[in-house]
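Chain by chain, the residues run as shown.
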Amino acid sequence: MYAPPILECLCCQNCRRLFLPPRSFTSRNVQRPPFSAFGAFHRVCFVYNTQRSSRSLYRSLAVARAPVVSIEDSVVYPVRETNAKRMARGLGPAAPNFERATNLPGRRHSPTRMGSARRSTPSGSASFTGSIKVTHADNGGFVGYVKKSFINNSSSKRYGVTTNTANALQVTPVMNQNSYTTIELLEPNPTDSSHPLLGAVVAGSSTNDNLSSGSANYCQLTGTSHTAANAPASAAGNSFSSSKSESMIWTYSTSTQKITAQWVNTDSSKPATFLYYLPSSDSLLLVGDPTAFNSVAPGGYIVEFTLV
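What counts, and at which threshold
- Residues numbered from 1 in each chain as written.
- Predicted model: local features only at pLDDT ≥ 70, side-chain atom pairs only at ≥ 80, totals over all residues.
- Heavy atoms only, no water.
- Buried < 20%, exposed > 50% of the residue type's maximum accessible area, 1.4 Å probe, protein only.
- Helix = DSSP H or I, 4+ residues; strand = E, 2+ residues; numbered from the N terminus.
- Pairing = 2+ DSSP bridges.
- Polar contact = N/O pair within 3.5 Å; in protein donor to acceptor, adjacent residues only side chain to side chain.
- Contact = heavy atoms within 4.5 Å.
- Phe/Tyr/Trp six-rings, centres within 6.5 Å; stacked < 30°, edge-to-face > 60°.
- Salt bridge = Lys/Arg side-chain N within 4 Å of Asp/Glu carboxyl O.

## Notes on the pairing of strand β17 (residues 274-278)
- Most of β17 sits inside the fold, with four of its five residues counted as buried.
- In this structure, β17 lies alongside strand β18 (residues 283-287), joined through five bridges in antiparallel fashion. Its bridge partner being in β18, Phe274 is matched across the sheet by Val287.
- Count of turn residues in the β17/β18 antiparallel hairpin: four residues, of which Asp282 carries a positive phi of about 50°.

Here you go:
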């Protein structure tokens, strides 16, 4: 039997892998061991080491009952040496390989179909918390932040404004059925632990529980308990008074970080709702008609909320 020369890889002399020589060194058809018995190397990496050839070595490898194949038709695959082994031999790190090895023996790879890749989905509650910046709706001027401590007026407790970020109220938008429309704003560290949601309560001087055009009715921002979505105010409890309140009145925009409010009237209608600030009493309010409200309590203006 012809004993072909043994091939050694120049770039990994320690491995002593075996490799069949090209066709010029043997007949067209040779009986060869299975692929796993050989190292998988580029042909250019080898030199012929005829001194290490031996009939017994080749004969021991050839005992495997492998099919007769043509070396011209055989595929030569690269075997990448780890950078740790290269550095141990004084070599630099190997060049990065950006190709997916989908056809190497022993390797399985199933490309991901477009559209079937795993996408992140809302978790059911927001994972971020921030302060509410208050700005003038007309000119964007900075007003302050919703204050984390209540402004006490007798036994009534309501929220005002601070310019100190250390005193700003922290809130977390809580998703409603994978949406940020008609949501609650949770206070992680509530001012009133019995009412941990930022909501609105009907003010005592209002004639009823409705906001509407031509009406000076208004609501105070305060801590509330949970109320149903898209439902009129209820006696769920709040930090301000015994009046009815609503908690699921907010909508949060993930693109602009704007927070808007929507009050629900007793007939379940949804009137125009404006966030309003009255500096004279440091009050953050909801009003249905800013002009009508200004006629009885002048000096206030429409504001915008932004989560920062």
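Now that the structure is up, let's keep going.
## Section: the side chain of Asn217
- With respect to the helices and strands, the residue Asn217 is situated in the loop between β12 (197-202) and β13 (218-224).
- There is a polar contact of 2.9 Å between the side chain of Asn217 and the side chain of Asn208.
- Within the local environment of Asn217, its side chain forms a polar contact with the backbone oxygen of Asn210, the two atoms lying 2.9 Å apart.
- With near-sequence residues (within four places) excluded, Asn217 lies in contact with Ser206, Thr207, Asn208, Asn210, Leu211, Leu286, Val287 and Gly288.

## Some words on the pairing of strand β5 (residues 130-136)
- Burial analysis of β5 places six of its seven residues in the buried class, which makes it a mostly covered element.
- Bridge count for β5 against strand β10 (residues 170-174) is two bridges, and the pairing is antiparallel. The residue bridging Gly130 from the neighbouring strand is Val171, located in β10.
- Where β5 and strand β19 (residues 301-307) come together, five bridges link them in antiparallel fashion. Within β19, the position partnered with Lys133 by the bridge is Thr306.
- Across three bridges, β5 lies against strand β6 (residues 142-146) in antiparallel orientation. Bridge assignment links Lys133 to a residue of β6, and that residue is Tyr145.

## A look at the packing of aromatic side chains
- Inspection of every chain in the model, using the stated rule, returns nine aromatic pairs.
- Each ring, one from Phe128 and one from Tyr180, has its centre 6.3 Å from the other, and the planes form 50°; the classification is tilted. With Phe128 in the loop between α2 (83-88) and β5 and Tyr180 in the loop between β10 and β11 (184-186), this residue pair connects regions lying 52 residues apart in the sequence.
- You can call Tyr180 buried: its relative accessible area is 15%.
- With centroids separated by 6.0 Å and ring planes inclined at 70°, the aromatic side chains of Tyr277 and Tyr301 adopt a geometry described as edge-to-face. With a gap of 24 residues between them, Tyr277 in strand β17 and Tyr301 in strand β19 connect regions that are remote in the sequence.
- A network of ring pairs unites the aromatic residues Phe128, Tyr180 and Tyr252 as a single cluster.

## Topic: unusual backbone geometry
- Within the chain, Thr182 stands out as a residue other than glycine whose phi angle is a positive 55°.
- Here Thr182 shows up in the loop between β10 and β11.
- Although it is not a glycine, Ser268 adopts a positive phi angle of roughly 70°.
- With respect to the helices and strands, the residue Ser268 is situated in the loop between β16 (258-261) and β17.

## What about the pattern of salt bridges?
- Per the stated rule, a full pass over the model turns up one salt bridge.
- With a shortest N-O distance of 3.3 Å, Glu304 and Lys258 are connected by a salt bridge. Taken together, the residues span a long stretch of sequence, with Glu304 in strand β19 and Lys258 in strand β16 at a distance of 46 residues.
- The exposure class of Glu304 is partly exposed, given its relative accessible area of 33%.

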